[in-house]
Amino acid sequence: MTATAPALTARRAFRKKAVVPWLFLAPGLLLALVFKFWPMAKGIWLSFFDVRPFLGDRWIGLDNYTRVLTDHRFQEAIGHTLVLGIGQSVGAIVVGFALALLLEGQARSLKILRTAVFLPAVTATAVVGELWRLMYYPTSDGLINSGLHFFGLGTVQFLDNPNIALYSTMAMGIWIWAPYNMVIFLAGLAGVDRSLYEAAAMDGVSLGQRLRYVTLPAIRPALMIVLTLATIRGLRVFTEVYVLTGGGPAGSTEVWMTRAYTLGFTRNDIGGASAASVVLLCVTLLLTVVVNHLRTRGEAR
């Protein structure tokens, strides 16, 4: 009896310790269930129906998916999404890495600069979009066009020209997400062994060789995290396009998410919009798994 009493007490204490964290997590899990996972499951369910409010939903199986994947507007949106996502992701990674190299250190002035540079990442995208709309204002009074006029160049229609509107949106996306990547790269650079830099300097290694053979291998985990997040963001890009161009002009900046939004909330095709969202979810999950697999293989080496 004396041996079992301490054991029972230890079990109760262990169960209490196991339950307490879940009690703290319960409110967040409940909110996620109600506002995220339940709507997600409902969207997957509606993707198999012809949604008819007040008339009753009609089961149509995979027809919504067939219609979405064969729609030429969606096919064009896929191309725009890939161009915008890849360009925005690569640009934000390169600029973020460059900023991390420039702002690495413990000086007080660098901390202030890092805070200032990080502000676009924590500012609401809608606010940033309106600021860039003013900067892209298509007259000589616009901020960027006034600079071009100063150098003797003509006015550029950044958002009204179908040939450059997508790249103008890409520039704003890079400006938003480069500081976010910078913070992750700074965390990776902080863990680099300084003796490696000292050994490289003693061997007369150039700056480019030091970045290639010392810095990049050392921050590979941070780079893979940035790449994973950039992949997800690139496919799910919406707010930047919606605020800046709304998908125009002439559909030249319409991406997958804006097309799904138009289908669901403008044309009231809830089933088609749900199917488009499910396809995007599946592609995002697939790419995330692939990137994580590549990261695991890289770490194993």
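Source: prediction; values computed, not measured.

## Digging into the UniProt feature "domain: ABC transmembrane type-1" (unreviewed entry) in the protein chain
Alright, step 1. Summarizing the sequence annotation, UniProt attributes the feature "domain: ABC transmembrane type-1" (unreviewed entry) to residues 78-291 in the numbering used throughout.
Alright, step 2. Annotated as 75% helix and 0% strand, the span residues 78-291 places its first and last C-alpha atoms 20 Å apart.

## Comments concerning unusual backbone geometry
Alright, step 1. Omega for the peptide link from Gly-248 to Pro-249 comes to -5°, which places this bond in the cis form.
Alright, step 2. As for its placement among the helices and strands, Pro-249 is situated in the loop between α11 (239-244) and α12 (256-265).
Alright, step 3. We note that Ala-250 has phi near 55°; this positive angle belongs to a residue other than glycine.
Alright, step 4. Within the fold, Ala-250 resides in the loop between α11 and α12.
Alright, step 5. Of note, Asn-268 is a non-glycine position whose phi angle comes to about 55°, a positive value.
Alright, step 6. On the secondary structure map, Asn-268 appears in the loop between α12 and α13 (270-300).
Alright, step 7. For Asn-268, a relative accessible area of 57% translates into the label exposed.

## Remarks on empty space enclosed by the protein
Alright, step 1. Under the defined criterion, the tally for this structure stands at two cavities of 30 Å³ or more.
Alright, step 2. Every residue along the wall of the largest cavity is listed here: Gln-88, Ser-89, Ala-92, Trp-177, Ala-230, Arg-233 and Gly-234.
Alright, step 3. For the lining of the largest cavity, the elements supplying multiple residues, two or more each, are α3 (72-102) and α10 (220-235).
Alright, step 4. Here the lining of the largest cavity is composed, by residue class, of three nonpolar, three polar and one charged.
Alright, step 5. Estimates place the volume of the second largest cavity at around 30 Å³.
Alright, step 6. Lining of the second largest cavity is provided by Arg-73, Glu-76, Ala-77, His-80, Gly-251 and Glu-254.
Alright, step 7. A per-class count over the lining of the second largest cavity returns one nonpolar, two polar and three charged.

What counts, and where the lines are drawn
Residues numbered from 1 in each chain as written. Predicted model: local features only at pLDDT ≥ 70, side-chain atom pairs only at ≥ 80, totals over all residues. Heavy atoms only, no water. UniProt positions renumbered as here; feature names shortened; annotations may be inferred. Helix = DSSP H or I, 4+ residues; strand = E, 2+ residues; numbered from the N terminus. Buried < 20%, exposed > 50% of the residue type's maximum accessible area, 1.4 Å probe, protein only. 1 Å grid on protein atoms, 1.4 Å probe; cavity = no way out; pocket = protein on both sides within 12 Å on 5 of 7 lines; lining within 4 Å. Points joined across faces, edges and corners; volume = space filled by probe spheres on them. Nonpolar A, V, L, I, M, F, W, Y, C, P; charged D, E, K, R; others polar.

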